[in-house]
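One letter stands for each residue in the lines below.
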Amino acid sequence: MKKLSAALLLLATTAYAQPYDNSMTEDAIKKRIAPIGAVYFEGDKAAVADVPTGPRTGEQVYQAACFACHGTGALGAPKSADDWAPRLAKGADTLLNHAINGFNAMPPKGTCMDCSDDELQAAIDFMSKK
């Protein structure tokens, strides 16, 4: 009888000693079956992040698209005023043309495909004065 009591006691305590499975809670289930996106139909107001209302500054373009190379000097990209001096000697039109069409290792528009020519010029002005 003692062995049977001990076995029942052991079974009873192991049932409560199991780790709690929180993957079956109501919150966990709602999270798993929640939609991953939304569909907007014509005429609906879409949730849009802050959209720029005007041209970006040279610093904004530099931070977003130019810094990776011009901040580190990667592939010979000019990063200081001394590096820019020989390039500036070629003229502003040449620099802008290189920025728009690419030059040597620099891709067209320096990967800022949505930048306007004015924004690229502003970025050149910002970088060349650093």
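Conventions used here
Residues numbered from 1 in each chain as written. Predicted model: local features only at pLDDT ≥ 70, side-chain atom pairs only at ≥ 80, totals over all residues. Heavy atoms only, no water. Helix = DSSP H or I, 4+ residues; strand = E, 2+ residues; numbered from the N terminus. Buried < 20%, exposed > 50% of the residue type's maximum accessible area, 1.4 Å probe, protein only. Contact = heavy atoms within 4.5 Å. Disulfide = S-S within 2.5 Å.

- As annotated in an unreviewed UniProt entry, the protein chain is Cytochrome c5 family protein from Pseudoalteromonas prydzensis.

## Points about the overall build of the protein chain
Thought 1: Looking only at helices and strands, the protein chain has 6 helices and 0 strands in total.
Thought 2: Put simply, the protein chain runs from its N terminus to its C terminus through helices and strands in the order α-α-α-α-α-α.
Thought 3: In the protein chain, which comprises 130 residues, the share counted as buried stands at 18%.
Thought 4: Residue pairs at least 24 apart in sequence account for 49% of intrachain contacts in the protein chain once pairs closer than 6 positions are excluded.

## Some remarks on the state of the cysteines
Thought 1: A complete count under the given rule lists 1 disulfide for this structure.
Thought 2: Between Cys112 and Cys115 runs a disulfide, and the two sulfur atoms are separated by 1.8 Å. On the S-S bond that ties Cys112 to Cys115, the torsion sits near 70°, and the link is right-handed. Note on accessibility: Cys112 and Cys115 belong to one class, buried.
Thought 3: For the unlinked cysteine Cys66, the closest cysteine sulfur is that of Cys115, found at 7.0 Å.
Thought 4: Judged by its relative accessible area of 12%, Cys66 is buried.
Thought 5: A disulfide-free cysteine, Cys69 has its sulfur positioned 8.9 Å from the sulfur of Cys66, the nearest such atom.

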